[in-house]
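The residues making up each chain are set out below.
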Amino acid sequence: MNIHIYGIRHHGPGCARSLRRALDELAPDVIVMEGPADAQDELAWAAHAGMKPPVALLIYPPDEPRRGVYFPLTVFSPEWQTLQWAAAKNVPVRLMDLPESHQFAMQRAEEEQVRLAAADQQRPEENPAEAASGEPLVEPAAAEDAAGGQAGELESPESPTWRTDPLALLAEAAGYKDHELWWEHQIERRSDATGLFAAILEAMRSVREAAPEVRERDLLREAYMRKTLRGVVKEGFEKVAVVCGAWHAPVLDADALAGKRESCKAKDDNERLAGLPKIKTTGTWIPWTYSRLTFRSGYGAGVHSPGWYGHLWEANDDAPTRWLATAARLLREKDLDASSASIIEARRLADALAAMREIRSPGLAELNDAILAVLCHGQASPLALIRNRLEIGDVLGAVPEETPAVPLARDLAQQQTSLRLKPSTESKLLDLDLRKEYDLARSRLLHRLALLGIAWGHHEKSGSRSSTFHEIWRIEWKPEFAVAVIEANVWGNTIEVAAGAKVVHDAAASTELAAVTGLLDASILAGLTAAVEPLLAQVQSLAAVGADVRHLMDALLPLARISRYGDVRGTDASHVEPILAGMFERVLVGIGAACSALDDDAAQRMSESMGRVAEALQILNRDDLHAEWRSCLSRLMSSGVHPLLGGWCCRRLLDAGVLTDDELYRLARLSLSPANPPAACAAWATGLFQGSGLAILHQDGVWEVFDRWLSELSAEVFTEMLPLLRRAFSGFTGPERRQMGEKVKHLKAKQTASPASAPESTLSDDVDHTRAAQVIPILKHILGVK
């Protein structure tokens, strides 16, 4: 058999460059590559001019897209270069890995076993031994080795939770603590690739002899690989190139195919593969990112620095100098000093470090040390910027528009193009003026995607700009949204139809009034006019039978927004206000009983719901409803409710101008009386201080009573009350807290100067008319009065 094995690392520029040279020398008749065999039809897209790596091959069951798995490729991936070489030379490529149709089916079967076992475990009288053990029925999946693993696999119950990392063993044997560094020095930056793949094969053979593969899933995969290779050989190809993860290379050579290695006979492989379950799968290509190629993203076959590897692929021998120049350019963009002289000095330092560490040229570690010392002046923050922007990178790939996709994905792509919302991994702010049709369409798209669970944009507060015609979004595209789009396609073939169908379905399944009104509010924002009527019907249905006052209170705010701002988005919301008014009347009737006998946590939740009612009334701006609400708060304040709610009601009546200063002072003296428990006093103060600090800042009488109450607390009680008091003042801004401190200081000085004075301060009626007359001409001149 004329079979040539090329064991590679899935993402390595050195491997990719050496593999292309090896393929040029061999000129194979066929290439057999590791990859799921049921993705064979999708390989042709790799040669399309519109395919810009990084990209990923996505395989998923049509009835369960969430189970899909990705096979990422980028420009420095050996598999990608293999596909490009084969397309240029017109050489066929075959995929030889176990089809995902089998792997998905086995996952489902394993999960069903776990579910049944868990159900049995809940019945200890039937399974006392299992119930008493407390051990998990399925061990967590191990991280894949960097040389030949595959992400997204589930373990069978009897398999171990580890697999030997061959790079770690080889690196330790060579005296390296960091196996990534060993691989980079020996493979990725290797100048002479002669004998490289033979050496990798021999090294992996030694590792597997010491630690053979024991995981059933990988044994199945390797059996299928050998079966595929035997079929290719039977077709009569003279020169066969096998591109696979280095870990699998020793069991795919000619001796293994001939059955000369243990457990590699054709009979053994056929028996192992017999009777495997199978389900239907489909595949497509999706854009990918460098950040998703890293280990920290959870990708088992990832790398630490995909941006650096991409740089190595492009720059090769001149990589260190170009890397330093790129880092300096990035620092200058952030207004940091990075001169040409500094780049030269950093290169000299990196060369010196490489010589001291006995390596042929500076690597990433040496360059980072030099950048930290010379360009960053020893500061870690600029180096972290370089790490995120250059070492990892924010590159987003692209796939051709003709790539197979579900209808919903095509509709999304069309809207992204027409609205000029190009997907990007960079986090960007989007400032929308909803009076413009173009911006309104953008807003609706982002709201609809959010309802479908595709959080491309996050709605942010607009700070001082509170106009209902203004929205600010922060958008950032993530590759996994492609799967979310496929999942959402079950609701409809367009974004509008799918979002509307999902909202109506979620509302029909909900029994909480606040959740349904929230969906109604979101539907108005998303422009889903077809969903408004069924949602309103559900709101009326739940409101008619709802007995929980807090649920009614929480439901008022979304309805108030719809009633007041519906016309902004072209929605007729006139029929919402009668429903809202009826719910508000029911709140007024039931709130007294709902506020009685509450503990601290329940009182806090009730105050939050009452705050939503107040905000809803502020939006509606109806005098009759405001008057009823203030009357309700007055009754609550005098009915012995929880001190937190009493203080909250007092503050709202003060803000509304219902309470006079004298009445507020009287209530403060009663609520902060030494006869009351300190905790009750602190709760009342917490309720009173919720809101703007400016309104309460000018109430001298309240501050005098509050200061006196604090002064009379014992040391032990004060220490106990301190966390509550800090929470009471936590909502104020820094300047407000400083003014409050000055207020107390001023009151102390005032009391020291006139200790017998009453809390109420009065202005003297004595006026010096002679002195006042001297100012009148100046005031007349300033005001222009004759």
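These figures come from a predicted structure and were not determined experimentally.

A. Structural view of the sheet that holds strand β3 (residues 55–60). Ordered in space as β4-β3-β7, the three strands form an open sheet in which the pairing is antiparallel. Of all the strands in the sheet, the pair left with one neighbour each is β4 (69–73) and β7 (282–287). Neighbour to neighbour, the strand axes of the sheet diverge by 25° on average, direction disregarded. The sheet contact formed by β3 and β4 spans five bridges and is antiparallel. Within the sheet, the bridge partner assigned to Leu57 lies in β4 and is Phe71.

B. The arrangement of the sheet that holds strand β10 (residues 470–475) in detail. The strand order β8-β10-β9 describes an open sheet built from three strands, whose pairing is antiparallel. Pairing within the sheet leaves two strands with one partner each, and these edge strands are β8 (428–433) and β9 (457–460). Pairwise comparison of adjacent strand axes, ignoring direction, gives a mean angle of 30° for this sheet. Across six bridges, the pairing between β8 and β10 is antiparallel. Among the inter-strand pairings, Asp433 is bridged to a residue of β10, identified as His470. In the packing of helix α17 (residues 437–451) onto the sheet, the strands contacted are β8, β9 and β10, and the crossing angle to β8 comes to about 125°.

C. Fine view of the nonpolar core. By size, the foremost hydrophobic cluster in this structure holds 188 residues, and its most contacted members are Met610 and Trp629. Setting aside chain neighbours within four positions, we find Met610 in contact with Met553, Ile591, Cys595, Trp629, Leu633, Leu636, Leu645, Trp648 and Cys649. Counting 18 residues, the second largest nonpolar core, distinct from the first, contains Ile3, Ile5, Met225 and Ala249.

D. Molecular detail of a nonpolar patch on the surface. A cluster of nonpolar side chains, namely Val775, Ile778, Leu779, Ile782, Leu783 and Val785, defines an oily patch on the protein surface of about 590 Å² accessible area. For Ile778, the position within the fold is in helix α33 (residues 769–783). Note on Ile778: relative accessible area 51%, which makes it exposed.

E. Spotlight on the side chain of His311. Turning to its location among the elements, His311 is positioned in helix α11 (residues 306–315). In this structure His311 comes out as buried when scored by relative accessible area, which is 9%. Beyond its immediate chain neighbours, meaning those up to four positions away, His311 contacts Asn316, Ala319, Arg322 and Trp323.

F. Representation of the layout of surface pockets. Size it by volume and the largest pocket reaches roughly 1,200 Å³. Elements supplying a minimum of two residues to the lining of the largest pocket: β3, β7, α16 (407–418), β8 and α18 (481–488). Sort the elements by how many residues they give to the lining of the largest pocket and α16 lands first, with seven residues. For the lining of the largest pocket, the class distribution of residues is 26 nonpolar, ten polar and seven charged.

G. Inspection of the pairing of strand β2 (residues 30–36) at higher detail. Counting buried positions along β2 gives seven out of seven residues, so the element sits mostly inside the fold. The two faces of β2 match: Val30, Val32, Glu34 and Pro36 on one face and Ile31, Met33 and Gly35 on the other face are all buried. Two strands pair when backbone bridges link them, and β2 and strand β6 (residues 240–245) are joined in this way by four bridges, in the parallel orientation. Of the residues in β6, the one forming a bridge with Ile31 is Ala241. Across four bridges, the pairing between β2 and strand β5 (residues 93–97) is parallel. Its bridge partner being in β5, Met33 is matched across the sheet by Leu95.

H. Quick peek at the pairing of β3. β3 sits mainly inside the fold: six of its six residues count as buried. With burial as the criterion, each face of β3 is covered, one bearing Val55, Leu57 and Ile59 and the other bearing Ala56, Leu58 and Tyr60.

I. Expanded view of the environment of Thr517. Along the chain, Thr517 turns up in helix α20 (residues 513–526). When its relative accessible area of 0% is taken as the criterion, Thr517 is described as buried. As for Thr517 and Pro558, which are separated by 41 residues in sequence, their C-alpha atoms are 5.9 Å apart. Residues contacting Thr517, with those up to four places away along its chain left out, are Val539, Ala555, Pro558 and Leu559.

J. Summary view of α20. With 14 residues, α20 extends 20 Å from end C-alpha to end C-alpha; this agrees with the ideal 20 Å at 1.5 Å per step. Most of α20 sits inside the fold, with ten of its 14 residues counted as buried. Where α20 is concerned, the buried positions are Leu513, Val516, Thr517, Leu519, Leu520, Asp521, Ala522, Ser523, Ile524 and Ala526.

K. View of the packing of helix α1 (residues 13–26) against helix α2 (residues 78–89). Between α1 and α2, the shortest axis-to-axis distance is 8 Å and the interhelical angle comes to 30°. Compared by their axis directions, α1 and α2 come out roughly parallel. Viewed along their axes, α1 and α2 form a crossing whose handedness is right-handed. Mapping the contact onto sequence places Cys15, Ala16, Leu19, Arg20, Leu23 and Asp24 in α1 and Pro78, Gln81, Thr82, Gln84, Trp85 and Lys89 in α2. Broken down by class, the residue content of the contact of α1 with α2 amounts to six nonpolar, three polar and three charged.

Rules of the game
Residues numbered from 1 in each chain as written. Predicted model: local features only at pLDDT ≥ 70, side-chain atom pairs only at ≥ 80, totals over all residues. Heavy atoms only, no water. Pairing = 2+ DSSP bridges. Helix = DSSP H or I, 4+ residues; strand = E, 2+ residues; numbered from the N terminus. Axes fitted to C-alpha atoms, helices over the stretch in contact; angles between N-to-C directions. Contact = heavy atoms within 4.5 Å. Core = buried A, V, L, I, M, F, W, Y, C linked by side-chain atoms within 4.5 Å. Buried < 20%, exposed > 50% of the residue type's maximum accessible area, 1.4 Å probe, protein only. Patch = residues over 30% accessible without salt bridge, like charges linked within 9 Å, V, L, I, M, F, W, Y side chains within 5 Å. Areas by Shrake-Rupley, 256 points an atom, 1.4 Å probe, with all protein chains shown as cover. Salt bridge = Lys/Arg side-chain N within 4 Å of Asp/Glu carboxyl O. 1 Å grid on protein atoms, 1.4 Å probe; cavity = no way out; pocket = protein on both sides within 12 Å on 5 of 7 lines; lining within 4 Å. Points joined across faces, edges and corners; volume = space filled by probe spheres on them. Nonpolar A, V, L, I, M, F, W, Y, C, P; charged D, E, K, R; others polar. Expected span 1.5 Å × (residues − 1). Parallel < 35°, antiparallel > 145°, perpendicular 65-115°, else oblique. Left-handed = near helix turned anticlockwise from the far one by under 90°.

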